[in-house]
Amino acid sequence: MKILVRNLDRDTIEHDVRKLFLGYGRVVECTLVLDQETGKSKGFAFVDMPNEDEAKVAIKELNLTMFKGSKIRVKFAGH
């Protein structure tokens, strides 16, 4: 299940996002979207969790929580 994570602090790195979601289950892919000019985070990422139940718990538990100083928004990203 692909998950969209928005409103990430610009200093967040991919490892931080992956580690956050690993607390809820297996993560097969984590992609932090970067600005091509600066190489810094654009403030959002995609996380792919193969187990739908684990993904749903992660979305429910993490949406609107504070992560690295920002209130993140977490939702199902579609296909």
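Residues numbered from 1 in each chain as written. Predicted model: local features only at pLDDT ≥ 70, side-chain atom pairs only at ≥ 80, totals over all residues. Heavy atoms only, no water.

### Here's the deal with the pairing of strand 2 (residues 29-34)
Reasoning step 1: Bridge analysis of strand 2 against strand 3 (residues 41-48) gives five bridges, and the strand direction is antiparallel. Each residue of the ladder has a partner; that of Cys30, found in strand 3, is Val47.
Reasoning step 2: Hairpin remark: strand 2 followed by strand 3, antiparallel, with six residues in the connecting loop; positive phi at Gly39, about 80°. (Pairing = 2+ DSSP bridges. Helix = DSSP H or I, 4+ residues; strand = E, 2+ residues; numbered from the N terminus.)

### Some points on the pattern of salt bridges
Side chains that differ in charge, positive against negative, can pair when their charged atoms come close.
Reasoning step 1: With the rule as written, the count across this model stands at three salt bridges.
Reasoning step 2: One salt bridge connects Asp11 with Lys40, and the closest N-O pair in it is separated by 2.8 Å. On the criterion of sequence distance, the pair formed by Asp11 in the loop between strand 1 (2-6) and helix 1 (14-22) and Lys40 in the loop between strand 2 and strand 3 is long-range, its members being 29 residues apart.
Reasoning step 3: Taking the shortest distance from any N to any O, the salt bridge between Lys68 and Asp16 comes out at 3.6 Å. (Salt bridge = Lys/Arg side-chain N within 4 Å of Asp/Glu carboxyl O.)

### Describing the side chain of Ser41
Reasoning step 1: Looking at the element boundaries, Ser41 is found in strand 3.
Reasoning step 2: Looking at Ser41, its side chain comes within polar contact range of the main-chain nitrogen of Gly43, at 2.8 Å.
Reasoning step 3: Apart from residues lying up to four places away in sequence, Ser41 is in contact with Asp9, Arg10, Thr12, Leu32, Val33 and Leu34. (Polar contact = N/O pair within 3.5 Å; in protein donor to acceptor, adjacent residues only side chain to side chain. Contact = heavy atoms within 4.5 Å.)

### With respect to the environment of Lys42
Reasoning step 1: Counting through the fold element by element, Lys42 comes out in strand 3.
Reasoning step 2: Exposure remark for Lys42: the relative accessible area of 42% places this residue in the partly exposed category.
Reasoning step 3: Lys42 has contacts with Arg10, Val33, Leu34 and Asp35, leaving out every residue within four places of it along the chain. (Buried < 20%, exposed > 50% of the residue type's maximum accessible area, 1.4 Å probe, protein only.)

### A closer look at the environment of Ala77
Reasoning step 1: Mapped onto the elements of the fold, Ala77 is located in the segment after strand 6 (73-76).
Reasoning step 2: Along the sequence, Ala77 and Leu4 sit 73 residues apart, while their C-alpha atoms lie 5.0 Å from each other.
Reasoning step 3: Apart from residues no more than four positions distant in its own chain, Ala77 is found in contact with Lys2, Ile3, Leu4 and Phe46.

### Quick look at the sheet that holds strand 2
Reasoning step 1: Strands sit in the order 2-3-1-6 across an open sheet of four strands; the sheet is antiparallel. Every other strand in the sheet has two partners, leaving strand 2 and strand 6 as the edge strands with one partner each. Between one strand axis and the next, the sheet turns by 20° as a mean value, whatever way the strands run.
Reasoning step 2: In this structure, strand 1 lies alongside strand 3, joined through five bridges in antiparallel fashion. By the bridge assignment, Val5 is partnered in strand 3 with Ala45.
Reasoning step 3: Contacts between helix 1 and the sheet are confined to strand 1, strand 2, strand 3 and strand 6, with strand 2 contributing the most and set at about 145° to the helix.
Reasoning step 4: Set on the sheet, helix 2 (residues 52-62) makes contact with strand 1 and strand 6; between it and strand 6 the angle comes to about 150°. (Axes fitted to C-alpha atoms, helices over the stretch in contact; angles between N-to-C directions.)

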